[in-house]
Amino acid sequence: MKLVNGALFESGNLILIDGHGLAYRAFYAMPELENSKRDKIGAVYGFLNMLVRIFEEFSPAFAAVSFDKELPAERLSIYKDYKAKRQKMPESLAGQFQYIEELLSILGIPVVVTKDHEADDCIGAVAEDAQKKGLDVLIVSGDKDFLQLVSPGIKVVFPQKGFARFTVYDEKAVHDEFGFEPVFISDYKALAGDSSDNIPGAAGIGAVTAKKLVSAYGNIENILANVGELPAKTRKLVEDSRDSILLSKKLAKIKTALPLYFEESSMKVKEIDNDRLFAFLRKMEFRSFLKKYFPGRSDGSEEAPVNKASADSFCCHVNSDDLCVHYSDFSPASFSLYASDGYSLNLSSDRQRNAGILSDFCEHIKKYRLCGFDLKVLFRKLIAHGIALPENFFDIALASYMLEPSDLSQDFLRVYERVTGNFIDSENLSSEKKAAMTAQCVPLLEKSLQKNGMQDVFCSQEQPLLPVLARMEHYGIYCDRQELFTLSESFNQKLDTLEEQIYTIAGEKFNINSPKQLGYILFEKLQLPGGKKPSTNHETLLSLMPYSPLIPLLLDYKELKKLLSTYAEKLPELINPETGRIHTTFTSRKTATGRLASSEPNLQNIPTRTAWGKQIRAAFKPKEAGKIFLSADYSQIELRLMAHFADDEKMIKSFEQGVDIHSITAAEIFGAELSAVTENMRRKAKEINFGILYGMSAHGLSQRISVDMKEAKSYIERYFNRFPSVESFINRVIAEAYDNGFVTTIMGRKRWVPDLKSRNVNLQKAAQRVAVNTVIQGSAADIIKLAMIRTDDFMTREGLEAKMLLQIHDELLFELPEHELADLVMLVRKSMEKIMDLRVPLNINIEKGKNWSEMELIED
């Protein structure tokens, strides 16, 4: 987008933009961004970014935008509930439209509206007029209503999530997807309805049947005229909904006969007032756009460096053993380091220059301890420039988390205020000041770590893990974008089929994603057992499986919907265009137990057992030929830790002999010989094993294994009778936590559980579960962290090309050349299985494969 040098584009087509659609898409695609004045600006930033992508891709000569500024009076007059179920626009988005319209004014893009009509109608009217005048028209929207306008001169452009790519619908594309011509889209919606616009459609007829009918008969009038030819069930549905179908077509049809026309003079892309644009970008504090389009012009918002000299001068003024810094990232290519004494290092987009400065910096700081907040971010920058990471450092964010693991709001000011007890005004807080505040925190945190007996685990486990995670994040994992696009299409088609099946069994159309509407179908219309407070959550749906064929369809729908939105559609936009890889972020500061969490995106929760989850995982693969994946997964580590802590003879013996622990439990609880344990008995025993581990109640267990409360309670009692040392361990943990106020993991990390002394019984019970869970799950987290540190060290010392890619709770995933397989298997077994001496052996399962889904076990 040529925002500086005159006209934006030179071409012969018209772009018409669905302004509300793009604003909503931008709002939900971006985080809740604010500028220094606390103005919400996320949607504005996203909208501008989308405009740039659209205009760079299609280079129009003419452009216009339309917003839904008027109530659709005509549609409301015939159907008062039109769009009635739409949620109110979020206030944080509504306040950003003034800035979006200001941006459009600066860019010279007119807004077209007319009284009583929606943006769809306005865009349709201008599009048809422009087509008559010989222009090619592109309508940019995420709303498939516009497909009814597609013709030889009009195409519809659908931005994919993140605007990584566009799908352009011409007449052939519409026919390929729907099986009929674009002119029949409104007829299709008349049958299928539209939950987003609250268009009723025909009750019991879903998307698949609607497509078949329109493909066979064309418009609604022809379908109604030939209704006698339809199968009996379909005929009845159509006849019963005749009035609703005709009404729905009127609602779905875009009105193009409006007094709105293509105007060459107002819609021609004009030169931009660069001063206005610069002022706007500066007001919004869009630094990346300022740097891109006004590279030689200061925006006045970056903190001016006190000193631009060498790394030597940056370090030489430090009068202590600690070099306390604050890190500011102004763009992907440039950043600054600020010291507590007011000196700074400023790095530009010149990678070669940066590398030299950073190399000098790392050489000079060897005589200091580098102290900062969330140093892993800085470490990734150093790795990107090929710079060796410092060995002596202190991360105040990590230290603060260690001392308060239940407080997960780990921003800089929050940490400073909690550590020092000082409250500070965040307005105009400079990076130099933040570096000085860091220096205040360091001795206080060190003293607290020492006092609480956590200095050793902090120095031997938590901090050494940071460079390991930084390397993993920097390298990333390759993901096949095209496979994900294909999966998205496949998942959407399957969802359409599931919707139709659900509506057929329910006997009507409804919003499947609405708990209220789903609850009405399940508990009022179908009269399924829901108890006093019926819920539609996953556990409740599982418990309703025996009562209706609707339930498995709903569970499939919800899983597929989540996989589609969370992974198949989202992951492509998170693939780094330079590396082709996804670079997730790992941290333990988001979980109170210390387990590592993956975010942006979360790669730890992709289902492993379902067919659809496996299809998502198959898109993750080595990028280069000759490389494979290797997975190393601790076998039942939490149950092994339970056996270790409880010192339970039966459990220890089963792990030593390699006998399946769930089968042993089943034999004990059900009073059967080990050889007589059935798969169903083992399944129940597995639920009991983990239920006991995490303090599951008899009610919870009864739902999990589909038995009544009395039977579930008897299973728990029988378990404790057979494994009394486990009950003793649980009681001991709770008693010690009550006395001490905290529990401790195997490596000495602490978690405080004050609610154990609460007068609220529910809070007490929850705290008891937290106490036991932290000891077991937190200790498992300790072990995998130590294993990661040792494995990384071994791979480095052995000079292996293999890379650690992901940590998925008890599993590590590696990418390696195939010729290193034997070496890595030996190294991983050594580092993971021998990391700690327990009363039971630590065993791992190792698999290899060509992608993350198709993995095969490597035998010992």
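The residue count restarts for each chain, going from 1 along the sequence in the order it is written. Predicted model: local features are reported for residues with pLDDT of at least 70 only, side-chain atom pairs are reported and counted for 80 or more only, and whole-chain, interface and lining totals are derived from all residues. Neither water nor hydrogens contribute to the side-chain values; these are computed over all heavy atoms in the structure.

Caption draft 1: Structural view of helix α26 (residues 550-568). In this description a helix means any DSSP run of H or I spanning at least four residues, a strand means any run of E spanning at least two, and both kinds are numbered starting from the N terminus. Here, expected helix span is obtained from the residue count minus one, scaled by 1.5 Å. Between its first and last C-alpha, α26 extends 25 Å over 19 residues, near the 27 Å set by a 1.5 Å rise per residue. Buried means the residue's accessible area, taken with a 1.4 Å probe over protein chains only, is under 20% of the maximum for its type, while exposed means over 50%, and partly exposed covers the values in between. All of the buried residues along α26 are Leu550, Ile551, Leu553, Leu554, Leu555, Tyr557, Leu560, Leu563, Leu564, Tyr567 and Ala568.

Caption draft 2: A look at the sheet that holds strand β18 (residues 803-808). For two strands to be treated as a pair, DSSP must find no fewer than two bridges joining them. Ordered in space as β18-β19-β15-β20-β21, the five strands form an open sheet in which the pairing is antiparallel. Of all the strands in the sheet, just β18 and β21 (855-858) have a single pairing partner and so form its edges. The mean inter-strand angle of the sheet, taken between neighbouring strand axes irrespective of direction, is 25°. Here five bridges tie β18 to strand β19 (residues 811-817), and the two strands are oriented antiparallel to one another. By the bridge assignment for β19, Leu806 is matched with Leu813. By definition, residues are in contact when any of their heavy atoms lie within 4.5 Å. Angular values range over 0 to 180 degrees, each being the angle between N-to-C directions of two axes fitted as lines to C-alpha atoms, with helices fitted over their stretch in contact. The sheet strands contacting helix α22 (residues 455-475) are β15 (627-634), β18 and β19, and the helix crosses β18 at an angle near 100°.

Caption draft 3: Representation of the pattern of salt bridges in the model. Whenever Lys or Arg places a side-chain nitrogen within 4 Å of a carboxyl oxygen from Asp or Glu, that contact is recorded as a salt bridge. All chains considered together, the criterion is met by 42 salt bridges. Between Arg414 and Asp407 there is a salt bridge, with the nearest N and O atoms lying 2.7 Å from each other. For Arg414, a relative accessible area of 39% translates into the label partly exposed. Of the residues examined, Asp407 reaches a relative accessible area of 13% and is grouped as buried. Lys627 serves as the salt-bridge partner of Glu815, at 3.9 Å between the closest nitrogen and oxygen. Remark: Lys627 occurs in strand β15 and Glu815 occurs in strand β19; sequence separation between them is 188 residues. Considered together, Glu815 and Lys627 belong to a single accessibility category, that of buried residues. Through salt bridges with shared partners, one network takes in Arg581, Glu624, Lys627, Glu801 and Glu815.

Caption draft 4: Broad picture of helix α20 (residues 412-420). Turning to α20, its buried residues number three or more, namely Phe412, Leu413, Val415, Tyr416, Val419 and Thr420. Along α20, the residues classed as buried sweep out an arc of 160° about the axis, all on the same side. Residues of α20 that are buried in the fold lie against α19 (396-403) and α21 (431-451). A side-chain oxygen of the first residue of α20 lies 3.3 Å from the backbone nitrogen of Leu413; this N-cap is Asp411. Of all possible arcs, the one meant is that of the directions from the helix axis to the C-beta atoms. Polar contact criterion, stated in full: a pair of N or O atoms within 3.5 Å, where within protein one must be able to donate a hydrogen and the other to accept it, and residues adjacent in sequence count only if both atoms are side-chain atoms.

Caption draft 5: Layout of the packing of helix α23 (residues 481-506) against helix α28 (residues 611-618). Here α23 crosses α28 at 160°, and the two axes come no closer than 10 Å. As the angle between them shows, α23 and α28 are arranged roughly antiparallel. Every pair of crossing elements has a handedness; the one defined by α23 and α28 is left-handed. Residues Glu483, Leu487, Phe491 and Lys494 of α23 pack against Trp612, Gln615, Ile616 and Ala618 of α28. The nonpolar class holds Ala, Val, Leu, Ile, Met, Phe, Trp, Tyr, Cys and Pro. Asp, Glu, Lys and Arg form the charged class, and all remaining residues, Gly among them, are polar. Of the residues contributing to the contact of α23 with α28, the split by class is five nonpolar, one polar and two charged. Here is the rule for angles: anything less than 35 degrees is roughly parallel, anything more than 145 is roughly antiparallel, 65 through 115 is roughly perpendicular, and the remaining ranges are oblique. Should the near helix be turned anticlockwise from the far one by less than a right angle, the crossing is left-handed, and should it be turned clockwise, the crossing is right-handed.

Caption draft 6: Here's a closer look at the environment of Pro601. By the secondary structure assignment, Pro601 is in the loop between β14 (597-599) and α28. Pro601 sits 18 residues away from His583 along the chain, and the two C-alpha atoms are 8.1 Å apart. If sequence neighbours within four positions are ignored, Pro601 has contacts with Leu571, Leu574, Ile582 and Thr584.

Caption draft 7: Representation of the nonpolar core in the model. Buried Ala, Val, Leu, Ile, Met, Phe, Trp, Tyr and Cys residues form a nonpolar core when they are joined through side-chain atoms within 4.5 Å. Ile616, Phe620, Tyr634, Val726, Phe729 and Leu824 are the most contacted members of the largest nonpolar core, which totals 125 residues. The element best represented in this core is helix α36 (residues 761-798), accounting for 14 residues. Those residues within four positions of Phe729 in sequence are excluded, and the remaining contacts are Met642, Phe645, Ala646, Val772, Val775 and Ile776. With 51 residues, the next largest nonpolar core counts Val126, Phe158, Ile223 and Leu224 among its residues.

Caption draft 8: Focus on the side chain of Glu811. Tracing the backbone shows Glu811 in strand β19. Positive charges are assigned to Lys and Arg, negative charges to Asp and Glu, while His and the chain termini are left out of the count. One buried charged residue, Glu811, remains without a salt bridge, the closest side chain of opposite sign being Arg617 at 4.8 Å. A distance of 2.7 Å separates the side chain of Glu811 from the side chain of Ser631, its partner in a polar contact. Among residues more than four places away in sequence, those in contact with Glu811 are Ser631, Ala632, Asp633, Ile784, Leu806 and Trp852.

Caption draft 9: Summary view of the packing of helix α31 (residues 661-670) against helix α32 (residues 679-693). Look at α31 against α32: their axes get within 8 Å of each other, and the N-to-C directions meet at 100°. Compared by their axis directions, α31 and α32 come out roughly perpendicular. For the pair formed by α31 and α32, the contact residues are Ile661, His662, Ser663, Thr665, Ala666, Ile669 and Phe670 on the first element and Met681, Arg682, Lys684, Ala685, Lys686, Ile688, Asn689 and Phe690 on the second. A class-by-class count of the residues in the contact of α31 with α32 yields eight nonpolar, four polar and three charged.

Caption draft 10: Representation of empty space enclosed by the protein within the structure. We place a 1 Å grid over just the protein atoms. Points where a 1.4 Å probe fits but has no way out form a cavity, open points with protein on both sides within 12 Å along at least 5 of 7 lines form a pocket, and any residue with an atom within 4 Å of a point lines it. Grid points are joined across faces, edges and corners, and a volume is the space filled by probe spheres set on the points. Per the stated rule, a full pass over the model turns up two cavities of 30 Å³ or more. Here the largest cavity defines a volume of roughly 60 Å³. Taken together, Tyr401, Met402, Pro405, Ala592, Val743, Thr745, Arg749, Lys750, Arg751 and Thr774 form the lining of the largest cavity. When residues of the lining of the largest cavity are traced back to their parent elements, those giving at least two are α19 and β17 (750-752).

Caption draft 11: The packing of aromatic side chains, seen in detail. Ring pairs are drawn from Phe, Tyr and Trp, using the six-membered ring of Trp, whenever the two centres fall within 6.5 Å, and their geometry is named by plane angle: stacked under 30 degrees, edge-to-face over 60, tilted for the rest. A complete count under the given rule lists 21 aromatic pairs for this structure. Look at Phe158 and Tyr169: their rings are 5.1 Å apart centre to centre, the planes differ by 70°, and that puts the pair in the edge-to-face class. Placement of Phe158 in strand β4 (residues 154-159) and of Tyr169 in strand β5 (residues 166-169) is noted, with a sequence separation of eleven residues between them. The interplanar angle of 80° and the centroid separation of 5.3 Å between the aromatic rings of Phe670 and Tyr715 together place this pair among those described as edge-to-face. Placement of the pair is Phe670 in helix α31 and Tyr715 in helix α34 (residues 709-722), with a sequence separation of 45 residues.

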